[in-house]
Every structure is written in structure tokens, then in C-alpha cells.
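Architecture and fold: a report
The primary structure of each chain is shown beneath.
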Amino acid sequence: MKAKIVSQIGKKRMTLHKHIPLDTPLVVYIEPSGYCNLRCAFCPHGTKDQFIKKDMMSLELFKKMINDLKKFPEKIKLLRFTGNGESLMNRNVISMLEYARKMKVAERIELISNGLLLKSYVKNITRNIDRIIISVQGLNGEDYRRICGTNINFDNFLLQIKNLYKNRGKCKVHIKINSEAISDEEKKKEFFQIFSPVSDEIYVENLVPIWPQYEGKFMKDEFRWGGKIVKRKVCVQMFKALQVYANGEIGPCCVDWQRIHLIGNIRKSSLLEIWNGKKLKNLQINHLLGKKEKIKPCNDCDMNEYSEVDNIDSYAKKILWRLKMEK
């Protein structure tokens, strides 16, 4: 069966500005591991002198987070295992997936991985999630050395992907590659020839500058999934999602890799309390008031311009009125 060419953007999207403030976040990003087994040149992990927190989430803390999700009025739309590190480096990741599925806190569960650590527990992954997104960084070992600063056995990697696809069950396998790895039509054709037979969905995405205060290599001045770049005054991330880091800290978005603007910690408060808390509400209000350029790291972040579909700039005054009425 031929894989469908699709991006990570869902077709059925809520008209976000009409529903803010949300009683329940649409998406919760969970970081099981802050460690990574690659050193990609476009990621903060790729530069040794960059400060990046590295923690490993305990199973106990993860269960606390999942139990917190039960307190929201509704199920979240998506629980996505991702963050600054590689999720599969956490030895408890299977138990985490099983618990998340068992507790039925999300309509969908997804995991993003570089796929190098799939090994023999593929079935335990796929039976507990709805989609796995594999980020491929090249078409051979040389590509991985150049782009990721890491030596890999590409043939073994491909065997793991084939095994994943063979044992995927109802879980969709989404394969994506960065534009730097397939810089000409010949390489692009090779990518689809190799990975289309072992995936349900496949895509090429542009490497774009989404990390604030970090200048990685190979970045393109294009939208991540194609299209125009539109300057944004208001970040939409904090209105629809939360990022839970491996040590329990909570961020209002998934790209504040230095954790400059934290809004809470699940060791001290519940996710519901943090979602409805003053820190997040004040941040939202300041963005709606046009003060993004005075807030770190938002003032140096291009994530919305290069990688976000939702745009609420035109509705800022209406949303601000609702938030202030709620206060």
C-alpha cells in the first residue's frame, strides 16, 4: 500500500479564536526524556556550549500527570510524547504509554521519535498509541554524520522501521524527513522509494528557525509545511497547549528549550490549577495587549511565523475582553 503524503497538521481543526478561553487544553506535550542520542545541527542538543536541561521522568511523576488530566472537564484532543529529548531513552516509556492508554485521558496518543531505539518492543509501543512519527535525518550513514553528528548503521535503522510497519496494528506510521537531507529531486525520489512502502503517511518538511535564542544550521526562510510566512503579534501556543518537562516543570509552549518562562510544576500543583493559574493568564493577556516583544523568550521566537497554522491576531481584542471578564 502506498503511503499518503501528509503533514502533521490535522484537517479537522477547531476555529480556535471562537473557543478561547478553553476549559481544557487541546494538546499536552509530555517529555519522558530530556536526553537525546543525536546531536542534530539544527537543534540545541547539537551544540555543546548550549544550556539545556536534561532529566528523566519517573514513572511515578508521569502517573501523577496523567491522573491530573482526569480533573479537566473534557478529554484533551492529543497527548503527544515529545520534548527536548528522545522519548525512547526512558526505560519506563512502555509503562507510561500503557498507563496513558488505560486511563483514557486523550482522544489520541502520539509519539515522536528518531526511531533509532525501537529495538524489540515495537508491539508494546504500537498497541498503546494511535500514531508514531519518525523523524528521519538522512538516507545513509554519511547524512547522519553530517546533519546529526552521529554514526549510525543505516541498514539496521531501516530494518527497525520495516519491523515497526509490519507490527503497527492500528497505529499509523508517519515518516518525515528534513529538507536538508534531500536537497535535490533525485534524493527526494530516493526517500519516497525507501520509506513509502513502510509507512502510512510520509512527508518532507522544511528546517525552520523555531528555537528562540538558538541559531541552528540548515534553516530555510520558508514555512515549515509550505506556504507564506506571516508575522504574528500573539502566540497561540499558550492558549491551546501545555508542555510538561521531564522534571515536572510546565511551560506554555514546546519550544522554550531553556525554560525561561515557566508557569508551574506538577510536583507542587495540578495541571488544572496551572492551566487556570495567574501566571498563564497574565502571559496570555500580555500577548493580547501586544507586549510579546517585551517578554523573554517570546521576543526572540519565530515558531508561530514558521510553524503554526492558527492565527488569532485579528481577534485579540475580543479574546482579551473575554479573559478579563473571566478574571
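Residues numbered from 1 in each chain as written. Predicted model: local features only at pLDDT ≥ 70, side-chain atom pairs only at ≥ 80, totals over all residues. Heavy atoms only, no water.

Turning to helix H6 (residues 185–195), its buried residues number three or more, namely Phe 191, Phe 192 and Phe 195. Taken end-on, H6 shows its buried residues confined to a sector of 90°, consistent with a single buried face. Exposed side of H6, more than 90 degrees from the buried face: Glu 186 and Gln 193 are the residues found there. Near the N-terminus of H6, the side chain that reaches the backbone nitrogen of Glu 186, with its oxygen 3.1 Å away, is that of Asp 184. (Buried < 20%, exposed > 50% of the residue type's maximum accessible area, 1.4 Å probe, protein only. Helix = DSSP H or I, 4+ residues; strand = E, 2+ residues; numbered from the N terminus. Arc of directions from axis to C-beta. Polar contact = N/O pair within 3.5 Å; in protein donor to acceptor, adjacent residues only side chain to side chain.)

In this section: unusual backbone geometry. Glycine aside, residues mostly have negative phi angles, and peptide bonds mostly take the trans form. A cis amide bond, omega 5°, links Ile 20 with the succeeding residue Pro 21. Turning to its location among the elements, Pro 21 is positioned in the loop between strand S1 (4–5) and strand S2 (27–30). Of note, the bond from Lys 296 into Pro 297 is cis; its omega dihedral lies within 30 degrees of zero at -5°. Inspection of the secondary structure puts Pro 297 in the loop between helix H9 (278–288) and helix H10 (303–307). In the Ramachandran plot, Arg 259 falls in the positive-phi region, its phi being about 55° despite a non-glycine side chain. If you trace the backbone, Arg 259 turns up in the loop between strand S9 (249–251) and strand S10 (264–265).

In this structure, Leu 79 and Phe 195 are the most contacted members of the largest nonpolar core, which totals 101 residues. With 7 residues, helix H2 (residues 93–103) is the single largest residue contributor to this core. In this structure, Phe 195 is in contact with Val 136, Leu 139, Phe 154, Phe 157, Leu 158, Ile 161, Ile 175 and Ile 202, ignoring residues within four places of it in sequence. (Core = buried A, V, L, I, M, F, W, Y, C linked by side-chain atoms within 4.5 Å. Contact = heavy atoms within 4.5 Å.)

Considering the arrangement of structural elements, one finds Asn 178 in strand S6 (residues 172–178). Since its relative accessible area comes to 3%, Asn 178 is described here as buried. Setting aside residues up to four positions removed in sequence, Asn 178 forms contacts with Phe 42, Val 136, Gln 137, Ile 147, Glu 205 and Leu 207.

Burial along S2 is two-sided: the residues Val 27 and Tyr 29 and Val 28 and Ile 30 are all buried. Across 4 bridges, S2 lies against strand S3 (residues 76–81) in parallel orientation. What sits directly across from Ile 30, in S3, is Phe 81. Judged from the 4 bridges that link them, S2 and strand S8 (residues 241–244) form a sheet pairing that is parallel. Across the sheet, Val 28 pairs through a bridge with Leu 242, a residue of S8. (Pairing = 2+ DSSP bridges.)

It is worth spelling out the packing of helix H1 (residues 59–69) against H2 at this point. In the contact formed by H1 and H2, the axes pass within 10 Å of each other and the chain directions differ by 20°. Put simply, H1 runs roughly parallel to H2. Crossing handedness for the pair H1 and H2: right-handed. Here Leu 59, Phe 62, Lys 63, Ile 66 and Asn 67 of H1 lie close against H2, whose contacting residues are Ser 95, Met 96, Tyr 99, Ala 100 and Met 103. Of the residues belonging to the contact of H1 with H2, the class tally is 7 nonpolar, 2 polar and 1 charged. (Axes fitted to C-alpha atoms, helices over the stretch in contact; angles between N-to-C directions. Parallel < 35°, antiparallel > 145°, perpendicular 65-115°, else oblique. Left-handed = near helix turned anticlockwise from the far one by under 90°. Nonpolar A, V, L, I, M, F, W, Y, C, P; charged D, E, K, R; others polar.)

Time to look at a negative patch on the surface. A surface patch of negative charge is lined by Asp 184, Glu 185, Glu 186 and Glu 190. Position of Glu 186 among the secondary structure elements: in helix H6. (Patch = residues over 30% accessible without salt bridge, like charges linked within 9 Å, V, L, I, M, F, W, Y side chains within 5 Å. Areas by Shrake-Rupley, 256 points an atom, 1.4 Å probe, with all protein chains shown as cover. Salt bridge = Lys/Arg side-chain N within 4 Å of Asp/Glu carboxyl O. Lys, Arg positive; Asp, Glu negative; His and termini not counted. Charge placed at Lys NZ, Arg CZ, Asp CG, Glu CD.)

In this structure the tally under the stated criterion is 7 aromatic pairs. Consider the rings of Tyr 144 and Phe 154, whose centres lie 6.4 Å apart with planes at 50°: the pair is tilted. You can see Tyr 144 sitting in helix H4 (residues 141–148) and its partner Phe 154 sitting in helix H5 (residues 154–166), a full 10 residues away along the chain. Neither Tyr 144 nor Phe 154 differs from the other in exposure class; each is buried. With a centroid separation of 6.0 Å and an interplanar angle of 65°, the aromatic rings of Tyr 144 and Phe 157 are classed as edge-to-face. Note that Tyr 144 is positioned in helix H4 and Phe 157 in helix H5, a separation of 13 residues in sequence. Per residue, the accessibility class of Tyr 144 equals that of Phe 157, and both read buried. Put simply, the rings of Tyr 144, Phe 154, Phe 157, Phe 191, Phe 192 and Phe 195 touch in pairs and so form one group of aromatic residues. Positioned above the aromatic ring of Tyr 165, the side-chain terminus of Arg 168 is 3.8 Å from the ring centre. Sitting over the face of the ring of Tyr 245, Arg 259 holds its NZ or CZ atom 4.2 Å from the ring centroid. (Phe/Tyr/Trp six-rings, centres within 6.5 Å; stacked < 30°, edge-to-face > 60°. Lys NZ or Arg CZ within 6 Å of the ring centre and 35° of its normal.)

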